[in-house]
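Residue-level structure breakdown
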Amino acid sequence: MIAYFAYFQIEKSETFINSPYNPRLDAFADRVVRGDIVSADGETLATTNVAGDGTETRSYPYGAVFAHAVGFATNGKAGVESMDNFELLRSHAFILEKIINEIKGEKNRGDTVVTTFDASVQKAAYDALGSYRGAVVAIEPSTGKILAMVSKPDYDPNTIAANWDTITADNTESALLNRATQGLYPPGSTFKIFTMLEYMRENKNYQDFSYACGGSVTKGDSTVHCFGNTAHGTLDLKGAFAKSCNASFAEIGLSLDVGDYAKLCEKMLFNSSLPCSYPYKESSFSLEKGADAADVMQTAIGQGETLVTPYHLALVMSAAANNGVLMKPYAVDRVTNYRGTEVSENKPQEYARLLSEEQAELLQPYLRGVVTDGTASALNGQSYTAFGKTGSAEFTSAKDSHAWFVGYAQKEEAGSIAVAVLVEGAGTGGAYAVPVAKAVFDAYFAASQP
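Residues numbered from 1 in each chain as written. Predicted model: local features only at pLDDT ≥ 70, side-chain atom pairs only at ≥ 80, totals over all residues. Heavy atoms only, no water.

**Let's talk about the packing of aromatic side chains**
A complete count under the given rule lists 19 aromatic pairs for this structure. For the ring pair Tyr 132 and Tyr 432, a centre distance of 5.9 Å and an interplane angle of 70° mean the geometry is edge-to-face. One end of the pair, Tyr 132, is in the loop between helix H7 (119-129) and strand S7 (134-139); the other, Tyr 432, is in helix H17 (residues 429-447), and 300 residues separate them in sequence. Among the residues examined, Tyr 432 registers a relative accessible area of 34% and is labelled partly exposed. With centroids separated by 6.3 Å and ring planes inclined at 50°, the aromatic side chains of Phe 241 and Phe 249 adopt a geometry described as tilted. Under the relative-accessibility criterion, Phe 241 is labelled buried at 0%. A connected cluster of aromatic rings, assembled from ring pairs, spans Phe 191, Phe 194, Tyr 261, Phe 270 and Phe 285. When the ring centre of Phe 387 is taken as reference, the NZ or CZ atom of Arg 368 above it lies at 6.0 Å. Positioned over the ring face of Phe 241 is Lys 389, at 5.6 Å from the centre of the ring. (Phe/Tyr/Trp six-rings, centres within 6.5 Å; stacked < 30°, edge-to-face > 60°. Helix = DSSP H or I, 4+ residues; strand = E, 2+ residues; numbered from the N terminus. Buried < 20%, exposed > 50% of the residue type's maximum accessible area, 1.4 Å probe, protein only. Lys NZ or Arg CZ within 6 Å of the ring centre and 35° of its normal.)

As C-alpha cells, this is what we get:
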C-alpha cells in the first residue's frame with residue numbers, strides 16, 4: 001500500500017489531476033487565470049482576456065488555423081488545451097506576487113505552454129490546403145518536434161461555444177475530427193514504400209529487377225491498371241517506383257512472403273500503438289497468408305484493406321530522414337511562468353528504430369527519384385533537396401481518389417522536415433498534394449534563413 005501510494009504521488013498524480021473528470025481543476029480555475037499557449041517562434045496561439053469586471057474570455061488570435069493542434073477550452077477541451085490543462089491552470093509566478101494577490105483576492109497568472117509549432121509553417125500548410133478536406137502533418141526528424149498539424153474541415157475556437165450545437169450536429173463535416181491523427185485512409189501508392197522495402201529485403205539482387213509494363217496486369221479474374229492505363233514500358237525498380245507503376249508493384253506483391261510482409265509492416269507501426277499525445281486511430285494491415293492474388297495485388301499498391309493516418313506516414317518519413325530512427329513526437333517544448341522563467345522542458349528522445357541504417361540509405365535514392373524523375377517533379381530544382389512518394393488512393397466505385405504526398409526535405413545549413421499531406425477526393429498526389437508539401441517546405445526553409 002505504501003509503495004502504491006508513493007507511485008501514485010510521484011508518477012501518476014499529475015495524470016489524474018489533469019483528467020477532465022477531476023473536479024479539482026475547477027478549483028484551480030477559481031484562483032488562476034488560464035495561461036497562454038504560444039508557438040515556438042513566439043506567436044500567441046491562445047490567451048485569456050480579463051475584462052474590468054473580472055470576466056474571462058479565452059481568445060485564439062489565429063482563429064481556425066490552429067484549431068485541431070491547439071484545440072479549445074470551452075464545452076470540454078481538445079488539443080494542447082486538453083493535454084496541458086494542468087500546466088495552464090497552475091502558476092509559478094514569483095512567490096511574493098502570489099502572496100499579494102492572495103491577500104487582495106486576485107487571481108494569479110497561469111503558466112505559459114510553449115509549443116513546438118512553427119506559426120509560419122502551420123499557416124503555409126493551412127493556406128495551401130485551401131478549401132479541401134484533408135490533413136497536413138510536419139515533423140522535425142532530428143528531434144520529433146511537431147512543427148505543424150492541420151485538419152480540415154475545421155472550426156473557429158473563438159466561437160465554438162456559440163456554434164457548438166451546429167458543429168456537433170453536422171455529421172457530413174465532422175469538423176471536430178482531427179483527420180491528421182484520427183482519419184483512416186487507403187494509402188494508395190505511398191504504400192509502395194513498404195512493398196519495395198520488403199522486396200529489397202527478400203531479394204538481394206533487387207537492382208536486377210525489370211518489368212515490361214503494358215498498362216495493366218491480370219491474374220485470374222483480377223486486373224490491376226496503371227493510372228490512366230499508361231503503358232510505362234520496361235522499367236527497373238527505381239523507375240517503377242518513380243513512375244508509380246501499379247502493374248509492376250502488383251507483380252512484386254505476388255512474389256513476396258506474406259508473413260514477412262506483415263512483419264515488416266508491423267515493425268513500421270501498423271496494427272500497433274503510436275507515440276502520440278493526441279487522440280488517434282491505429283493504422284491497419286490485414287493481409288494474411290493464403291490471401292488470393294486479387295487481395296495481394298491490391299494491397300501491394302495501397303488499394304486493399306490497409307488503412308493509415310497521415311500522422312503515421314509522417315512518422316515513417318521522419319524516421320527515413322533520420323537514418324531510420326524515429327524520435328518520439330511531441331507538441332510542447334517547455335512550460336514557463338507568465339514572465340518567461342522556465343518551469344519544465346521536454347527534451348528529444350529516441351522512440352524506436354523503424355529502419356536499419358542500411359534500409360534508410362537504400363530507400364533514399366528511390367524517394368529522391370520520385371522528385372527528379374517521377375510524379376513529384378514540382379519539388380525538383382528548389383533551394384532544398386526533397387524526397388518522397390505520391391499516391392492517389394481510390395475510395396469509391398467511381399474511382400474518386402484521395403491525393404497523397406509523404407516525404408521530407410533537407411538543406412545542409414537548415415536541417416530537415418518530414419511531412420505527410422492528404423487531400424480528400426482531390427485526384428492525383430502529384431497535382432494536389434505535392435503543391436501543399438512544397439508550400440510547407442518553402443515556409444520552413446524560408447524561416448531558417450539568417
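Once the structure has been displayed, the description carries forward.
**Comments concerning the pairing of strand S6 (residues 112-115)**
Burial along S6 is two-sided: Thr 112 and Val 114 and Val 113 and Thr 115, pointing in opposite directions, are all buried. Taken together, the two bridges between strand S2 (residues 37-38) and S6 define a ladder with parallel strand orientation. The residue of S6 that forms the bridge with Val 38 is Val 114. Bridge count for S6 against strand S14 (residues 332-336) is four bridges, and the pairing is antiparallel. The residue of S14 that forms the bridge with Thr 115 is Val 332. (Pairing = 2+ DSSP bridges.)

**Some thoughts on the side chain of Glu 81**
Relative to the helices and strands, Glu 81 is located in helix H4 (residues 79-83). A polar atom in the side chain of Glu 81 sits 2.9 Å from the side chain of Arg 58. (Polar contact = N/O pair within 3.5 Å; in protein donor to acceptor, adjacent residues only side chain to side chain.)

**Section: the sheet that holds S14**
Reading across from one edge, S4-S3-S2-S6-S14-S15 is the order of the six strands in this open sheet, with mixed pairing throughout. Lying at the two open borders of the sheet, with one neighbouring strand each, are strand S4 (56-59) and strand S15 (342-345).

**Focus on the sheet that holds strand S19 (residues 415-423)**
An order of S8-S7-S19-S18-S17 is seen for the five strands of this open sheet, with the pairing classed as antiparallel. Edge positions in the open sheet fall to strand S8 (146-152) and strand S17 (385-394), since each of these has one partner strand only. Between one strand and the next, the sheet's axes are offset by a mean angle of 5°, whatever the strand orientation. Here 10 bridges tie S17 to strand S18 (residues 401-411), and the two strands are oriented antiparallel to one another. Residue pairing across strands places Gly 388 opposite Gly 407, the latter belonging to S18. Here H7 sits on the sheet in contact with S7, S8 and S19, set at roughly 25° to S8. (Axes fitted to C-alpha atoms, helices over the stretch in contact; angles between N-to-C directions. Contact = heavy atoms within 4.5 Å.)

**Remarks on the pairing of S19**
Across the nine residues of S19, eight count as buried, placing the element largely inside the fold. Where S18 lies against S19, nine bridges are found, and the strand directions are antiparallel. Bridge assignment links Val 406 to a residue of S19, and that residue is Ala 420. Hairpin connection between S18 and S19: a loop of three residues separates the two successive antiparallel strands.

**Some details on the side chain of Ser 318**
Structurally, the position occupied by Ser 318 is in helix H15 (residues 310-321). Overall, the relative accessible area of 1% leaves Ser 318 in the buried class. Contact partners of Ser 318, with chain neighbours within four places excluded, come to Ile 139, Glu 140, Pro 141, Val 325, Leu 326 and Ala 418.

**Examining the packing of helix H12 (residues 246-255) against helix H14 (residues 293-300)**
Running from N to C, H12 and H14 point in directions that differ by 120°, and their axes come no closer than 8 Å. Between H12 and H14, the interaxial angle falls into the category oblique. Both H12 and H14 take part in a crossing whose hand is right-handed. On H14, the residues that touch Phe 249, Ala 250, Gly 253 and Leu 254 of H12 are Ala 293, Val 296, Met 297 and Ala 300. When its residues are assigned to classes, the contact of H12 with H14 shows seven nonpolar, one polar and no charged. (Parallel < 35°, antiparallel > 145°, perpendicular 65-115°, else oblique. Left-handed = near helix turned anticlockwise from the far one by under 90°. Nonpolar A, V, L, I, M, F, W, Y, C, P; charged D, E, K, R; others polar.)

**Digging into the packing of helix H10 (residues 192-202) against helix H16 (residues 357-373)**
Put simply, H10 and H16 touch, their axes get as near as 11 Å, and they point 130° apart. Classed by the angle they form, the pair H10 and H16 counts as oblique. Two packed elements cross with a definite hand, and for H10 against H16 that hand is right-handed. Across the interface between the two elements, Ile 193, Met 196, Leu 197 and Met 200 of H10 pack against Gln 359, Leu 362, Leu 363, Tyr 366 and Leu 367 of H16. Grouping the amino acids of the contact of H10 with H16 by side-chain chemistry returns eight nonpolar, one polar and no charged.

**Things to note about the pattern of salt bridges**
Counted under the stated rule, the structure contains 15 salt bridges. Linking Glu 97 and Arg 339 is a salt bridge whose minimum nitrogen-to-oxygen distance equals 3.8 Å. With a gap of 242 residues between them, Glu 97 in helix H6 (residues 95-104) and Arg 339 in the loop between S14 and S15 connect regions that are remote in the sequence. Among the ionic pairs, Asp 333 bridges to Arg 334, the shortest N-O distance being 2.7 Å. Since its relative accessible area comes to 11%, Asp 333 is described here as buried. Each of Arg 34, Arg 58 and Glu 81 takes part in a single network of salt bridges with overlapping partners. (Salt bridge = Lys/Arg side-chain N within 4 Å of Asp/Glu carboxyl O.)

**Let's talk about a nonpolar patch on the surface**
There is a patch of nonpolar side chains on the surface, built from Phe 94, Ile 95, Leu 96, Ile 99, Ile 100 and Ile 103 and spanning about 630 Å² of accessible area. As for its position among the elements, Ile 95 is in helix H6. Overall, Ile 95 belongs to the exposed group, its relative accessible area being 53%. (Patch = residues over 30% accessible without salt bridge, like charges linked within 9 Å, V, L, I, M, F, W, Y side chains within 5 Å. Areas by Shrake-Rupley, 256 points an atom, 1.4 Å probe, with all protein chains shown as cover.)

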